[in-house]
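Structural overview for review
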Amino acid sequence: MGFHEDDLDVAEDAHLRSLTALEAEGDERAVEAALRPRSLDEVVGQTRVRDQLGLVLEAARRRGRAPDHVLLSGPPGLGKTTLAMIIAHEMNAPLRLTSGPAITHAGDLAAILSGLNEGDVLFVDEIHRMSRPAEEMLYMAMEDFRVDVVIGKGPGATAIPLEIPPFTLVGATTRAGLLPGPLRDRFGFTAHLEFYDPADLDRIVHRSAGLLDVNLTQEGSAEIASRSRGTPRIANRLLRRVRDYAQVRADGVVTHPVAHAALDLYEVDQLGLDRLDRAVIDALCRRFGGGPVGVSTLAVAVGEERETVEEVAEPFLVRVGFLARTPRGRIATAAAWEHLGLAPPPVPADPAAASDPTLFEE
Ligand SMILES: Nc1ncnc2c1ncn2[C@@H]1O[C@H](COP(=O)(O)OP(=O)(O)OP(=O)(O)O)[C@@H](O)[C@H]1O
Ligand SMILES: [Mg+2]
């Protein structure tokens, strides 16, 4: 079957479009693939997830069984696909790749499942975007390693049970909250990937620089790490852009001044906010007086899909403390106003909201 990694990566991080647009080369994916850690030992940071997953895999190896199904959740570029590949690699098992949007009918899934061999790792990216009937078929396959294939239509339709060899499902999602409970519950292990701290990103930049043969100083690396938005994929991309700059405008060495100047040129600010991040807080403060405003309205204001604002921009804005998600909409914090160089409004945008104790609940 024609599952290919490229299919998965097509939907990759929309917020990087601004960066990638600056990129002339077409080997972006190849470079990214080359920088992926291949084993758990090579994974930088995410220590808790690494330890927990290591244990799950080791126990399965000792029992000689396929490991429990694994769900990986977290914002784009934090290592979900990387970990899925590592799971297969560590289990010495073939990895089969597909994605939620590619499975539009239950039949698509039945075809994939019936082609699995014992111990295979099936990776379903964007699993929250699978169709409902396929989802229901997946419940059964995960739990009983069996599916019912329906042949025919109407009263004459018959369900033919089909045995599936024990396999490991690895699901990835940027939106764990969108997964229906029954599906979430069938994963034996769920890993929530968190944004990386600058020290981990610094190690990633060093590692990648070694692989890409980029000459960089301690301070140069730290500058890239601190502006990488907590995201390894961005750290790797910024490293390559800074390297370009170093080669064209300097002597090839990534020093602090070189990194600083290059990142300014690429419009990555001191905190790592990119154009979309800034557009979101800018619209929130300047156009909506700091909110609360609905996410759909906010998305229209910045000319993006609602999903992109929710899955790509917001997690980081929440993490840096610029934006809060409230039941009545998004609000900007005082720090966000400050970051834009604006004075926060003298009274809270909505005084009633400020005293509402439920305001900060998710
Ligand atoms: N823990 C890590 N250590 C080192 N490099 C990492 C780590 N996690 C991710 N990377 C790097 O970041 C890149 C992006 O990671 P990956 O493709 O796994 O993200 P993802 O979570 O699947 O993103 P998306 O949601 O967009 O599919 C990889 O190419 C890899 O080089
Ligand atoms: Mg991925």
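The rules we used
Residues numbered from 1 in each chain as written. Chains lettered and ligands numbered in written order. Predicted model: local features only at pLDDT ≥ 70, side-chain atom pairs only at ≥ 80, totals over all residues. Heavy atoms only, no water. Axes fitted to C-alpha atoms, helices over the stretch in contact; angles between N-to-C directions. Helix = DSSP H or I, 4+ residues; strand = E, 2+ residues; numbered from the N terminus. Parallel < 35°, antiparallel > 145°, perpendicular 65-115°, else oblique. Left-handed = near helix turned anticlockwise from the far one by under 90°. Contact = heavy atoms within 4.5 Å. Nonpolar A, V, L, I, M, F, W, Y, C, P; charged D, E, K, R; others polar. Phe/Tyr/Trp six-rings, centres within 6.5 Å; stacked < 30°, edge-to-face > 60°. Buried < 20%, exposed > 50% of the residue type's maximum accessible area, 1.4 Å probe, protein only. Near = heavy atom within 4 Å. Polar contact = N/O pair within 3.5 Å; in protein donor to acceptor, adjacent residues only side chain to side chain. Areas by Shrake-Rupley, 256 points an atom, 1.4 Å probe, with all protein chains shown as cover. Domains from an automatic or database assignment. UniProt positions renumbered as here; feature names shortened; annotations may be inferred. Pairing = 2+ DSSP bridges.

Let us now look at the packing of helix H9 (residues 198-212) against helix H11 (residues 232-249). Contact geometry for H9 and H11: axes closest at 9 Å, N-to-C directions at 45°. The orientation of H9 relative to H11 falls into the category oblique. For the pair H9 and H11, the sense of crossing is right-handed. Together, Leu 201, Ile 204, Val 205, Ser 208, Ala 209 and Leu 212 of H9 and Pro 232, Ala 235, Asn 236, Leu 239 and Arg 240 of H11 make up the contact between the two elements. Partitioning the contact of H9 with H11 into residue classes produces eight nonpolar, two polar and one charged.

This part is about the packing of aromatic side chains. Inspection of the entire model under this criterion finds two aromatic pairs. Here the aromatic rings of Phe 145 and Phe 167 are separated by 5.5 Å at their centres, their planes lie at 85°, and the arrangement is edge-to-face. Here Phe 167 lies in the loop between strand S5 (158-163) and strand S6 (168-173) and Phe 145 lies in the loop between helix H7 (132-144) and strand S4 (146-151), a separation of 22 residues in the sequence. For Phe 145, a relative accessible area of 22% puts it in the partly exposed group. Of the residues examined, Phe 167 reaches a relative accessible area of 1% and is grouped as buried.

This next bit is on the site of ligand 1. In the vicinity of ligand 1 there are 20 residues, among which Glu 32, Gly 77, Lys 80, Thr 81 and Thr 82 approach most closely. At 3.2 Å from an oxygen atom of ligand 1 is found a main-chain nitrogen or oxygen belonging to Leu 35. With respect to ligand 1, the backbone of Thr 81 contributes an N or O atom lying 2.8 Å from an oxygen atom. In isolation ligand 1 exposes 630 Å². Once the protein is present, 96% of that is buried. If you list the elements that add at least two residues to the shell around ligand 1, you get helix H3 (28-35), helix H5 (80-90) and H11. Per-class residue counts for the shell around ligand 1 are nine nonpolar, six polar and five charged. Taken domain by domain, the shell around ligand 1 gets at least three of its residues from each of domain 1 (35-192) and domain 2 (198-266).

Right, let's get into the UniProt feature "binding site: DNA" (unreviewed entry) in the protein. Mapped onto the present numbering, the UniProt feature "binding site: DNA" (unreviewed entry) falls on Arg 306, Arg 325 and Arg 330. The named residues occupy 25 residues along the chain; their greatest pairwise C-alpha distance, 14.1 Å, places them in one compact cluster. Mapped onto the fold, Arg 306 is located in helix H15 (residues 306-319). Looking at Arg 306, the relative accessible area reads 36%, which means it is partly exposed. Discounting chain neighbours no more than four positions away, the residues touching Arg 306 are Val 295, Ser 296 and Ala 299. Its location among the elements puts Arg 325 in strand S8 (residues 323-326).

Once that is clear, we can look at the sheet that holds strand S1 (residues 70-73). Strands sit in the order S2-S3-S6-S1-S7 across an open sheet of five strands; the sheet is parallel. Of all the strands in the sheet, the pair left with one neighbour each is strand S2 (95-99) and strand S7 (189-192). Neighbour-to-neighbour, the strand axes of this sheet turn through a mean angle of 15°, independent of strand direction. On the sheet, helix H4 (residues 47-63) packs against S1 and S7 and is oriented at approximately 160° with respect to S7.

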